[in-house]
Structure formats: structure tokens, C-alpha cells
Amino acid sequence: MGTTLAPATFLDPQVLASLEVNAFLQRSPFPWLNPAGLLSAEAFEQLCEQFPPLSLFERHESRSRHFGQRPHDRYYLAYETSIYHGAAADSGPGVARLEDLPLPWQQFLTELQTSEPFHQFIRQALGSDRYIMRFAWHVGTGGSEVSPHLDSELKIGTLIFYFNTDANWDPAWGGATLVLGDRQTQAMNPDFNEFGIVIQTQFLNNRCFFFRNTPEAWHGVEALTCPEGQQRRLFNVIFEVPDSRPESGSQTRSKRQRLKQVIRRLWPL
């Protein structure tokens, strides 16, 4: 695993402080932001260079979805437990523990869990201090698609960090997350052309996408047309209703103990 020293902070404090909650909440067709540079330049470079290896991921292909929506084919990696394998599955393909990750990612995840300025913004944006976080990485390849969908009601919001640049990705291949509104069908498996509002967000060169989950928060990504060997890479920070997924008491204690150990190891007093 990588041993590069971490930047002072991964999240850029000035960009974080500039995010306007009121503007976010008033955005249409649902609350969303697409800021540039939320990660410091150094942090973005390190996390790109040491993105978790594909050997840790599991391939999701032709998995059925609600309402007959087209499947979201991709490579998937969960942190500590996977929603696809239940609370008991804390190891194996598609699940990474902290020590499995490159050092910059260990440090970044720790910052996300402990940064008070970050959580202050999240509490204001989501309108609640009652949430839990889970983390997951996605890798898309040629033909991968995120068909139009609403997220689970268990999700309060999601922050997506993208890890492609114009040096390794051609925008002609697609890959932008689309904000969708004005659905023109009652069907719950609409296609992209069945929305009157389609807003293309930015995802190259240190962009992220944050949105609050609402009954109108339709979004998706059209099928990628990239050549073989190219990857669309992202990292999800998912905010969920507390106690929305089963977890044993021993797992909770183990996570807390590991986090304390990591903080002492990465930032000794």
C-alpha cells in the first residue's frame, strides 16, 4: 500500500467554507451542488494516483433493479460491510477494511469521519444531525450505465468525488452525472429522453457532486463509450438514516476501536 505523507487536510477549508447551504436548498429540480476543488490539489493527486486497485472490487453485472430499471453494471467496492452481502460480510471480494487501502485513502476516510467543519456543512445541508455514513467506490468501463433512478429512501444524501482528469478521459465518452427533472411519464423506469430537464454536471479535474435525496431526485449516467482499458472512477460518501441497516454490536465496537487506533497511528500526539 502507498506510504505518501498526507496533506495537512484533504478537504480544502476555503472551498468547504464557501459552499452556500441556502443556494443548495433552493436548487431545482432538487438540492444539488457540483463544486470544483473540494479536495486540495495535493489530496486529489494522491487519491487519484493511489485509487484502490481493481483487484479489491467485485463485478456487478445484470443485477436486477426495482421497477424494471436497466442494471447498473460496474465494479464495486464497499468499505467494511457491503449492502449486497449483508452485515456479516466484512471481508472478501468487494469489501475493503481500512488496512486494505492505500495510506492516503486511510487518512482521507478518517478525516471524513472526524472533520467538524465538514459535518457542520452536512448537518445544515441535510437538515439533520441524525445520519450515519458509509463509503463505496465505483468503477465504470465501456458500456457501463447508471439508468435513471431515485435512491433508496434510506439515503438522506450522497457526496460523490470523481477521480478522472482530462489527461485520462475524453468527455466524448460520456460519464457526466445527469440531474433529471420534469419526468414526463408515470413509469418508475423512465429513459433519459422522458425528462424535460436534463442538466449535465462536471466530473473531470477535481469535481464532486453532492445532492439531497428527495422524491424528485432523479439522476443517472448514460452508457459509457470509452475504449477498453479506460475507467470512470468515483468514490461515494453516503449519508443514511441511523439504524437503517442491521449491524451487530461487536461490529460497531470494532469500527470505533479501529478508528481510534488509526487516528493515533496517523496523527500521533
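Residues numbered from 1 in each chain as written. Predicted model: local features only at pLDDT ≥ 70, side-chain atom pairs only at ≥ 80, totals over all residues. Heavy atoms only, no water.

Visitor: Lay out the pairing of strand S7 (residues 155–162) with the relevant residues and their values.
Guide: Look at any regular strand and the pattern is simple: side chains alternate between the two faces of the sheet. In terms of burial, S7 is largely enclosed, as 8 of its 8 residues are buried. As paired strands, S7 and strand S12 (residues 232–240) are joined by 7 bridges and run antiparallel to one another. Counterpart to phenylalanine 161 in the pairing with S12 is phenylalanine 235. Looking at chain direction, S7 and strand S10 (residues 208–212) are connected through 5 bridges and run antiparallel. Counted as the bridge partner of isoleucine 160 is phenylalanine 209 from S10. (Buried < 20%, exposed > 50% of the residue type's maximum accessible area, 1.4 Å probe, protein only. Helix = DSSP H or I, 4+ residues; strand = E, 2+ residues; numbered from the N terminus. Pairing = 2+ DSSP bridges.)

Visitor: Give me the lowdown on the environment of alanine 217, citing residues and values where you can.
Guide: Examined against the element boundaries, alanine 217 turns out to sit in the loop between S10 and strand S11 (218–221). Note on alanine 217: relative accessible area 0%, which makes it buried. Sequence separation between alanine 217 and proline 148 is 69 residues, and the spatial gap between their C-alpha atoms is 9.9 Å. If we skip the residues at most four places from it in the chain, alanine 217 touches Phe30, His149, Leu150, Phe211 and Arg212. (Contact = heavy atoms within 4.5 Å.)

Visitor: Tell me about the pattern of salt bridges, and name the residues and values.
Guide: Within the structure shown, the criterion is met by 8 salt bridges. When the shortest N-O distance is used, the salt bridge between arginine 70 and glutamate 145 registers 2.6 Å. Taken as a pair, arginine 70 in the loop between strand S2 (58–60) and strand S3 (74–79) and glutamate 145 in the loop between strand S5 (132–140) and strand S6 (146–149) lie far apart in primary sequence, 75 residues in all. Here arginine 123 ties to glutamate 116 by a salt bridge, and the two come within 2.4 Å at their closest N and O atoms. Each of Arg70, Glu145 and Asp191 takes part in a single network of salt bridges with overlapping partners. (Salt bridge = Lys/Arg side-chain N within 4 Å of Asp/Glu carboxyl O.)

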